[in-house]
Amino acid sequence: MHNKTDDELVFLPLGGSDEIGMNFNLYGFGPAHDRKWIVVDLGVTFGDLTTPGVEVITPDPAYIEAYADDILGVVLTHAHEDHIGALGWIWPRLKAPLYATPFTAFLIREKLREAGLGGVEVNEVPLGGRLRLGPFDIELVTITHSIPEPNGLAIRTPLGTVLHTGDWKIDPDPLISAPTDVEKIRRLGDEGVLAMVCDSTNVFVEGSAGSEGEVREALFKLIGSLQGKIAVGCFASNVARMDTVIRAAQANDRRVCLLGRSMHRMAAAARSVGLFKDVEPFVDDNEAGYFPADKILYLCTGSQGEPRAALARIADGTHPHVTLGQGDHVIFSSRQIPGNEVPIRNLQNKLADRGVRLYTERDHPGIHVSGHPCRDELRQMYQWARPQIAVPTHGERRHLLEHAALAKEMQVPEALAPRNGDLIRLAPGRPEVIDEVPSGRLYVDAGVLTPANGAALRERRHAAGNGVLMVSLALDQRGRLVSGPELRAVGIPDEPSEPLEDHLDDLADAAEEALRRLDADRREDDAAVEAAVARTLKKASQRIWDRRPIVETLVLRV
């Protein structure tokens, strides 16, 4: 392959750098005015207490959307939501062909179908396969992770090869898939790797992540020791873990009931690639209650405390078919994702209050291992690949900086820790950030994509912290008060020593005084009346409650 003198190879993260999740990475090749692009992964992250009413957050594709005609394809490394979850929302803005291995392709098609995008081109690439997209010669590299068919990408271009690791670990016994293709990575290192764009999640953790084979031993032993009903909470995407739990149940003469849509979806995807063929049929949840307690095991969603997931409904006593209580057991075969500590603790307390015995990785360390590389594994990867440039991704700021420092310790000549929106020239010349392009987030709010700073969410946050005052008053056509003001409050303190009704009476007087201070012309203008009343009530509320609530004023003309 030959390149023109003004060709550049660039890397652009628009999600997944300075954060864990929402992966959205781009590679561009060509002169600055005429680049061709590939997209690697298009994932989501999830809302928290700062985004009331918003559960799903996507990257903002506005920058690359302007070059949609130059996108040659979207390559998906694996099927976790933080790598494919935004496709249903963002693909219509890019409209580029999709490429994935069979397991990931199955789940992509399901996701697109649910979004009403059943006709999208999804191209299946075999494990270890290769595809050519313009100047990008892409070879899939088999790695191990906590989901079937994870892939790294060897992206060859006229200006050098990039190894994009995706999410990975080094698991010598992954159970349901092939181990890491070490020989291919070594061959890439021998050929010469210009840059390695690499997972940083566990960069602060010494040692290695551990193997699914070790988890299988621990879960077989634990499940075999228990009497009564057993529920196991784990990530549905960890099909190896699902397989372990299913086989542990069968080894102890228990049938398995899947609880939660994600469990059923992942089981279907697993069967589509030849997994779960030799397991007993799953029991429907409306039939599981007829089995003796020692003959049933529930495999559940909700290990992160998600409010509508199966475990939460069981803990709340609202599941239509499943109850757990004294003498029963719940095994959490998962880690706590940072930010989920409170909902997980609340879930576990509710289960404990019902008499359920709990088992977590803290008291039974062998029942979960991470899917991401710890420091020893990162060192090993650098020894195999020997890149000239290290580009840490998939981590918060401190993770990326620590990873860059580790790469320098491993004698990597150059290391850059990017932020979302940093346009990095990898070649020719020394790597550097050559531009900062727009990046950001879009919120899925009531099924609609909205800007992160949209008015609806701003008002929702404001109301959550300050409350709402609703004011109604009737004026004649000349602006004279006929009735009211009448006030109602939502989310405003009501203490016995300071009754809310008394304060509302005072606020009504303040609103009436604000109206009286307006001249005749402005009293005939509804907008002027609403602004004057709102301004006065916010000031008064600040004095009374140290809050500035949202004030909604209804002016009626009679």
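Let me begin by describing the structure that accompanies this report. (Residues numbered from 1 in each chain as written. Predicted model: local features only at pLDDT ≥ 70, side-chain atom pairs only at ≥ 80, totals over all residues. Heavy atoms only, no water.)

Focus on the overall build of the chain
So the rule is basically this: To qualify as a helix, a DSSP run of H or I must reach at least 4 residues; to qualify as a strand, a run of E must reach at least 2; elements of each kind are numbered from the N terminus. Residue exposure (1.4 Å probe, protein chains only): buried if accessible area is under 20% of the type maximum, exposed if over 50%, otherwise partly exposed. Only heavy atoms enter the contact rule, under which two residues are in contact if any of them lie within 4.5 Å. Computed by Shrake-Rupley with a 1.4 Å probe, the accessible areas treat only the displayed protein chains as cover when residues are assessed. Note on charges: Lys and Arg go in the positive column, Asp and Glu in the negative column, and His and the chain ends are not counted at all. Charged groups are reduced to one reference atom each: NZ for lysine, CZ for arginine, CG for aspartic acid, CD for glutamic acid.
A count of helices and strands for the chain gives 17 helices and 27 strands. Principal-axis analysis of the C-alpha atoms places the extent of the chain at approximately 85 × 70 × 45 Å. Buried positions account for 54% of the 558 residues belonging to the chain. Restricting the contact set of the chain to residue pairs at least 6 apart, pairs at least 24 apart contribute 71%. Accessible area of the chain: about 24,100 Å², with a carbon and sulfur share of 48%. If the 62 positive side-chain charges of the chain are averaged to one point and the 81 negative ones to another, these points end up 0 Å apart.

Examining the sheet that holds strand β5 (residues 56-59)
Basically, it comes down to this: Should DSSP find at least two bridges between two strands, the strands are taken to pair.
With respect to topology, 4 strands assemble into an open sheet ordered β4-β5-β23-β24, the strand pairing being antiparallel. Strands at the two margins of the open sheet, each flanked by one partner only, are β4 (45-46) and β24 (448-451).

Topic: the environment of Ala32
Relative to the elements of secondary structure, Ala32 occurs in the loop between β2 (24-30) and β3 (36-40). Looking at Ala32, the relative accessible area reads 55%, which means it is exposed. Sequence spacing of Ala32 and Leu449 is 417 residues, and the spatial spacing of their C-alpha atoms is 30 Å.

Comments concerning the environment of Leu351
For Leu351, the location among the structural elements is in helix α11 (residues 341-353). Along the backbone, Leu351 and Leu324 are 27 residues apart, and their C-alpha atoms lie at a distance of 8.0 Å. With sequence-adjacent residues up to four places away left out, Leu351 is seen in contact with Ile314, Ala315, Val330, Phe332, Val356 and Leu358.

Things to note about the pairing of strand β26 (residues 481-490)
Remember that side chains alternate between the two faces of the sheet whenever the strand is regular. Both strand β25 (residues 468-475) and β26 contribute to a ladder of 7 bridges, which runs antiparallel. Bridging across to β26, Val468 finds its partner in Val490.

Considering the environment of Ile38
With respect to the element layout, Ile38 can be found in strand β3. Of the residues examined, Ile38 reaches a relative accessible area of 0% and is grouped as buried. Once residues within four sequence positions are removed from consideration, Ile38 is found in contact with Asn25, Leu26, Tyr27, Leu72, Gly73, Leu133, Phe136, Ile138 and Ile155.

Looking at helix α12 (residues 375-385)
Residue pairs three or four apart in sequence face the same way in an α-helix, which turns once every 3.6 residues. When α12 is considered as a whole, its buried residues turn out to be Arg375, Glu377, Leu378, Met381, Tyr382, Trp384 and Ala385. The inward-facing, buried residues of α12 contact β12 (160-164), α5 (182-191), β13 (195-199), β19 (389-393) and α13 (397-409). Immediately downstream of α12, the backbone of Arg386 shows phi near 50°, a positive value.

Some words on the packing of aromatic side chains
Test applied: Paired rings are identified among Phe, Tyr and Trp, the last through its six-membered ring, by centres lying within 6.5 Å, and are further divided according to the angle between planes into stacked (under 30 degrees), edge-to-face (over 60) and tilted (the rest).
Taken as a whole and judged by the stated rule, the model has 3 aromatic pairs. Plain terms: the ring middles of Phe276 and Phe282 are 6.4 Å apart, the flat faces sit at 85° to each other, and that makes the pair edge-to-face. The exposure class assigned to Phe276 is buried, which follows from its relative accessible area of 2%.

Some thoughts on the nonpolar core
Our working definition: Residues belong to one nonpolar core when they are buried, are Ala, Val, Leu, Ile, Met, Phe, Trp, Tyr or Cys, and are joined through side-chain atoms within 4.5 Å.
Formed by 69 residues in total, the largest nonpolar core has its most connected members in Leu98, Leu299 and Ile331. Per-element accounting of this core gives the leading share, 6 residues, to helix α7 (residues 239-251). Residues in contact with Leu299, not counting those within four places in the same chain, are Val232, Cys234, Met242, Val245, Ile246, Val256, Cys257, Leu258, Leu259 and Met263. The next biggest cluster of nonpolar side chains, apart from the first, holds 27 residues, and it includes Phe11, Ile138, Leu159 and Val197.

Examining the packing of helix α6 (residues 212-224) against α7
The line we're drawing: What counts as an axis is a line fitted to C-alpha atoms, over the stretch in contact for a helix, and the angles between N-to-C directions run from 0 to 180 degrees. Should an angle fall under 35 degrees it is taken as roughly parallel, and over 145 as roughly antiparallel, whereas 65 to 115 is taken as roughly perpendicular and any remaining angle as oblique. Less than a right angle of anticlockwise turn of the near helix away from the far helix marks a crossing as left-handed, whereas a clockwise turn marks it as right-handed. Under this grouping Gly is polar, as are all residues other than the nonpolar Ala, Val, Leu, Ile, Met, Phe, Trp, Tyr, Cys and Pro and the charged Asp, Glu, Lys and Arg.
One way to put it is that α6 packs onto α7 with a least axis distance of 9 Å and a crossing angle of 30°. If you check the angle between α6 and α7, you find them roughly parallel. The handedness of the crossing between α6 and α7 comes out as right-handed. From α6, Glu212, Val215, Arg216, Leu219, Phe220 and Ile223 reach across to α7, where they touch Ala240, Arg241, Asp243, Thr244, Val245, Arg247, Ala248 and Ala251. The class makeup of the residues in the contact of α6 with α7 is 8 nonpolar, 1 polar and 5 charged.

Points about the sheet that holds β25
Strand order in the open sheet made by the 3 strands is β26-β25-β27, with mixed pairing throughout. Edge positions in the sheet fall to β26 and β27 (550-557), since each of these pairs with one other strand and no more. Across the sheet, the mean angle separating the axes of adjacent strands is 15° when strand polarity is ignored. Relative to β27, helix α17 (residues 526-545) is tilted by about 145°, and along the sheet it contacts β25, β26 and β27.

A word on α17
Where we set the bar: Helices are assigned an expected span. That span is 1.5 Å times one less than the residue count. Polar contact is defined as a pair of N or O atoms within 3.5 Å, subject to the rule that within protein one atom must be able to donate a hydrogen and the other to accept it, and that residues adjacent in sequence are counted only when both atoms are side-chain atoms.
The terminal C-alpha atoms of α17 lie 28 Å apart, and with 20 residues this matches the ideal 28 Å at 1.5 Å per residue to within 8%. For α17, every residue scored as buried is listed here: Ala528, Val529, Ala532, Val533, Ala534, Thr536, Leu537, Ala540, Ser541 and Trp545. Residues of α17 that are buried in the fold lie against β25, β26, α15 (500-517), α16 (520-523) and β27. For α17, the N-terminal capping position is held by Asp525, with its side-chain oxygen 3.0 Å away from the main-chain nitrogen of Ala527. Immediately beyond the C-terminal end of α17, within one or two residues, lies Asp546, with a positive phi of roughly 60°.

As for a negative patch on the surface
Spelled out, the test is: Only residues whose relative accessible area exceeds 30% and that form no salt bridge enter a patch; like-charged residues are grouped when within 9 Å of one another, and nonpolar side chains (Val, Leu, Ile, Met, Phe, Trp, Tyr) when within 5 Å. The term salt bridge refers to a pairing of a side-chain nitrogen on Lys or Arg with a carboxyl oxygen on Asp or Glu at a separation within 4 Å.
There is a patch of like negative charges on the surface, built from Asp494, Glu495, Glu498, Glu501, Asp502, Asp505, Asp506 and Asp509. Relative to the helices and strands, Glu501 is located in helix α15.

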